[in-house]
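Structural features, examined
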Amino acid sequence: MLIGIVGKANVGKSTFFKAATLSEVDIANYPFATIKPNEGVGFVRHECVEKFFKTKCNPQKGFCIDGERFIPVKLVDVAGLVPGAHEGKGMGNKFLNDLSAADVLIHVVDIAGTTNENGEPIKTGSYDPANDIKFLEEELDLWFYGMLKKNWNKFARTSSMEHQDIDKALYAQFSGLKVNLSMIKKARINKELDKWTDDDILKFSKRLRAVSKPTIIAANKIDLASGEANFKRIKKQFPKHIIIPVSAEAELALREAAKKELISYVPGNGKFSVLQKAKLNEKQKQALKFVEKFLGKWKNTGVQKCMNTAVYDLLKFITIFPGGVHKLGDSKGNILPDAFLLPPNSTALDFANHIHTDLGDNFIKAIDVKTRKAVGKDHKLKDGDVLEIISRK
Ligand SMILES: Nc1nc2c(ncn2[C@@H]2O[C@H](COP(=O)(O)OP(=O)(O)O)[C@@H](O)[C@H]2O)c(=O)[nH]1
Ligand SMILES: [Mg+2]
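Residues numbered from 1 in each chain as written. Chains lettered and ligands numbered in written order. Predicted model: local features only at pLDDT ≥ 70, side-chain atom pairs only at ≥ 80, totals over all residues. Heavy atoms only, no water.

What to know about the site of ligand 1
As a structural note, the neighbourhood of ligand 1 is formed by 15 residues, with Asn10, Lys13, Thr15, Asp223 and Glu249 the closest of them. Within the contact set of ligand 1, an oxygen atom lies 2.8 Å away from a backbone nitrogen or oxygen of Asn10. Elements supplying a minimum of two residues to the shell around ligand 1: α1 (13-21) and α9 (248-259). Among the elements that take part in the shell around ligand 1, α1 stands out by supplying three residues, more than any other. A breakdown of the residues in the shell around ligand 1 according to their chemical character gives four nonpolar, six polar and five charged. (Near = heavy atom within 4 Å. Polar contact = N/O pair within 3.5 Å; in protein donor to acceptor, adjacent residues only side chain to side chain. Helix = DSSP H or I, 4+ residues; strand = E, 2+ residues; numbered from the N terminus. Nonpolar A, V, L, I, M, F, W, Y, C, P; charged D, E, K, R; others polar.)

Take a look at the structure:
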């Protein structure tokens, strides 16, 4: 799972990224083999099944506070995209490449309109953030379009002459882009490839971009003047988009204060409490006062909400906990040590394979630990299931 943080310069991408990847707990074990310089580990929040089993978990990846499990996901902070990025403007090619592997995007927009189209600071409210939503989608569409156009004539002719499967032929053009065959089928025009017009290619590029890089809008800097009015207007203007009010700065303040043990705060909550032993300086007092007022109005900072919405609502992933009917711990006695994110419609066998292909290869049956019922390999999993895999080895 890779979430791409995108947007033009100075909208708050890095602030969002820093807030989302800052955890109260230092975690040694990430489930990711490689982390590039502009990548980090953030978390989605899911109710922990420890409550169901009336126990206390010891997560080995991620962490758990107050019965809320934080499950690691990778984030990439893509440097500011400018109009014309698809033609290479402002290192556009490199930045777009950074997005190739993303499953879902969080488009950070300066909803208060304090930055112009190039990300330069201007008077608050004097730029319409609607332009940014349009511009970014257009850049991504044209990026997809450019990839197709590069070899189109030759590729369309060969594919038609050789009677190749159209979906597979198109699929081959998007290697490395987290595009799969079902996305191609959803987006495709129903015509032999050598009959496609330029308009058809563009139309397909747009549809494919929309299904393969689903995007939510983080309406950031909502704490500033004109943030709220712009947010309301833009929600009306883009009724099909998911737009979440965000103050990345407020979230960063909360996570930093929690890390210093000045407050207790569960990311995503609408409240925090100042810890008894905390010695706040004047600046910290002011910052927390501002955040408290903000939460009173907006309920939460929106950062955790963006993460959860991207993974659970847009991608419709489910969380599955490995466990056993007789033992919820691993060999070292860690209770409910893991929580995995799986794509929608995953089966018991998919889960076994996700843990280890050996487990999939030797699959006998699985047990739904909550109901204690045995299930077969094709059993469809649902969010929050606890599963035990019984294998031959
Ligand atoms: N008021 C306010 N300012 C913010 C917020 N998020 C970021 N900023 C400020 O916006 C500026 C640009 O932020 P940065 O994260 O570097 O933007 P990036 O270029 O998109 O990575 C900085 O001065 C931040 O402090 C927010 O939620 N509210
Ligand atoms: Mg930045």
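Some details on the sheet that holds strand β13 (residues 373-375)
Strand order across the open sheet formed by five strands is β11-β10-β14-β12-β13, with mixed pairing between neighbours. The sheet is open, and its two edges are formed by β11 (340-342) and β13, each paired on a single side. Strand-to-strand twist of the sheet, defined as the mean angle between neighbouring strand axes without regard to direction, takes the value 40°. Sheet topology note: the strand β12 (residues 363-368)/strand β14 (residues 386-391) ladder contains five bridges and is antiparallel. Paired with Ile367 across the bridge in β14 is Glu388. Across the sheet, helix α12 (residues 348-355) is in contact with β10 (318-322), β11, β12, β13 and β14; its angle to β11 comes to roughly 130°. (Pairing = 2+ DSSP bridges. Axes fitted to C-alpha atoms, helices over the stretch in contact; angles between N-to-C directions. Contact = heavy atoms within 4.5 Å.)

Re the packing of aromatic side chains
Under the definition given, this model contains twelve aromatic pairs. For the ring pair Phe144 and Phe174, a centre distance of 5.7 Å and an interplane angle of 35° mean the geometry is tilted. Here Phe144 is found in helix α3 (residues 130-150), whereas its partner Phe174 is found in the loop between α5 (166-172) and α6 (181-187), with 30 residues between them in sequence. The class of Phe174 is buried, set by a relative accessible area of 2%. Ring-pair connections join several aromatic residues into one group, and the members of that group are Trp143, Phe144, Trp152, Phe155, Phe174, Trp196 and Phe204. (Phe/Tyr/Trp six-rings, centres within 6.5 Å; stacked < 30°, edge-to-face > 60°. Buried < 20%, exposed > 50% of the residue type's maximum accessible area, 1.4 Å probe, protein only.)

A word on the nonpolar core
One finds Ile3, Phe16, Ile106 and Met307 to be the most contacted residues of the largest nonpolar core, which totals 38 residues. Secondary-structure elements contributing two or more residues to this core are β1 (2-6), α1, β4 (68-77), β5 (104-110), β6 (215-220) and α11 (303-314). Per-element accounting of this core gives the leading share, six residues, to α11. Among all residues touching Met307, those that are not within four sequence positions of it are Ile3, Phe16, Ala20, Gly42, Phe43, Val44, Val73, Leu75 and Ile106. (Core = buried A, V, L, I, M, F, W, Y, C linked by side-chain atoms within 4.5 Å.)

Considering the pattern of salt bridges
Evaluated as defined, the whole model comprises 22 salt bridges. With its nearest N and O atoms 3.4 Å apart, the salt bridge here joins Asp167 to Lys185. Here Lys185 lies in helix α6 and Asp167 lies in helix α5, a separation of 18 residues in the sequence. In this structure, a network of salt bridges that share partners links the residues Asp167, Lys185 and Arg188. (Salt bridge = Lys/Arg side-chain N within 4 Å of Asp/Glu carboxyl O.)

Quick look at α12
Buried within α12 are the following residues: Ala348, Phe351 and Ala352. Summarising the axial view, the buried residues of α12 lie within an arc of 100°, below the 170-degree limit, and thus occupy one face. If you follow the buried residues of α12, they end up packed against β10, β11, α13 (357-361), β12, β13 and β14. (Arc of directions from axis to C-beta.)

Shape descriptors only; they carry no functional weight alone.
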